[in-house]
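# Report on the structure
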Amino acid sequence: TVANNTTCDYTTSQGVRLIVGTKGTFAMAQSSVGNTKYSAMLIREQPVPLAGLAGEWNMLTYVKAAASSTYATHSETFALDANGNFSNVQDCTSLTTCTGAGAGSLVASAAGGYVRAAGVGATTRIFAVKSADGQVALVQVGIEANGERRFGIATRKVTEGLPELGSTWLANEFLFTST
């Protein structure tokens with residue numbers, strides 16, 4: 001049984017909270033066992049061919065370097081060609097500290113989405129997600145060869161002007177904390 005808490009926010013009879021995106025493209029699940037909290041993001045499978053991912057991307061990533069560490073934010077920029085090969089990869093830990101990162105490539109996974117292979121680690125998975133208006137975003141989850149755990153979301157680079165003074169915009173926000 002599912003109880004409707006409010007618009008797009010539900011709780012199952014097992015106590016799992018589900019938050020569904022306004023366009024139905026994804027859901028967040030949250031539950032607790034004792035003092036341990038679990039979160040998951042559910043994404044409807046949306047196959048996008050490698051050629052459809054070609055271009056320049058910006059990614060915001062949460063990185064956990066070791067099992068005992070906390071998550072830290074990184075930003076990344078990279079380019080993908082029509083064959084899924086990465087280039088111009090930059091991993092930034094601050095606004096001024098960026099380093100070149102392993103290039104690698106995307107390889108289709110039989111389980112869905114893509115695996116980021118060579119240069120990073122074969123357990124890092126990337127999924128393409130299309131919005132209602134056809135825009136594509138990438139979601140990265142996994143453990144890299146060096147043991148880092150990563151969760152990231154990438155969008156294509158877009159040049160935008162400054163918003164008009166006093167204008168507003170609608171945003172959805174999900175907050176991950178360690179408690």
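The notes below deal with the structure included here.

Conventions we followed
Residues numbered from 1 in each chain as written. Predicted model: local features only at pLDDT ≥ 70, side-chain atom pairs only at ≥ 80, totals over all residues. Heavy atoms only, no water. Disulfide = S-S within 2.5 Å. Buried < 20%, exposed > 50% of the residue type's maximum accessible area, 1.4 Å probe, protein only. Salt bridge = Lys/Arg side-chain N within 4 Å of Asp/Glu carboxyl O. Helix = DSSP H or I, 4+ residues; strand = E, 2+ residues; numbered from the N terminus. Phe/Tyr/Trp six-rings, centres within 6.5 Å; stacked < 30°, edge-to-face > 60°. Lys NZ or Arg CZ within 6 Å of the ring centre and 35° of its normal. Pairing = 2+ DSSP bridges. Axes fitted to C-alpha atoms, helices over the stretch in contact; angles between N-to-C directions.

### Side note on the state of the cysteines
Tallied over the entire structure, the rule returns one disulfide. Here Cys92 engages in a disulfide with Cys98; their sulfurs sit 2.0 Å apart. On the sign convention where negative is left-handed, the bridge of Cys92 and Cys98, at about 110° about the S-S bond, is right-handed. Cys98 gets classed as partly exposed once you look at its relative accessible area, which sits at 34%.

### Looking at the pattern of salt bridges
Using the criterion set out here, one finds three salt bridges in the structure. A salt bridge links Lys157 to Glu56, with the nearest nitrogen and oxygen atoms 3.7 Å apart. Here Lys157, found in the segment after β14 (149–156), pairs with Glu56, found in strand β6 (residues 55–64); they are 101 residues apart in sequence, far enough to count as distant. The exposure class assigned to Lys157 is partly exposed, which follows from its relative accessible area of 39%. Using a relative accessible area of 46% as the deciding quantity, one classes Glu56 as partly exposed. In this structure, the salt-bridge partner of Arg150 is Glu76, at a minimum N-O distance of 2.5 Å. Residue Arg150 is located in strand β14, and its partner Glu76 is located in strand β7 (residues 72–80); the two are separated by 74 residues in the primary sequence. Each member of the pair, Arg150 together with Glu76, is buried.

### A short note on the packing of aromatic side chains
What characterises a pair of aromatic rings is the spacing of the ring centres plus the angle enclosed by the ring planes. For the structure on display, the rule yields two aromatic pairs. Note on Trp57 and Phe78: the rings are 6.5 Å apart at their centroids and 15° apart in plane angle, and the pair reads as stacked. Of this pair, Trp57 sits in strand β6 while Phe78 is found in strand β7, placing the two residues 21 residues apart along the sequence. An identical accessibility class is assigned to Trp57 and Phe78; each is buried. The aromatic ring of Phe86 is capped on one face by Arg116, whose charged end is 4.1 Å from the ring centroid.

### Structural notes on the sheet that holds strand β10 (residues 105–108)
The strand order across the open sheet built from nine strands is β9-β8-β7-β6-β14-β13-β12-β11-β10, with neighbouring strands paired in antiparallel fashion. The outermost strands of the open sheet, each flanked by one partner alone, are β9 (98–100) and β10. Between one strand axis and the next, the sheet turns by 25° as a mean value, whatever way the strands run. Sheet topology places strand β8 (residues 86–92) next to β9; three bridges connect them, and they run antiparallel. For Cys92, the partnering residue across the bridge sits in β9 and is Cys98.

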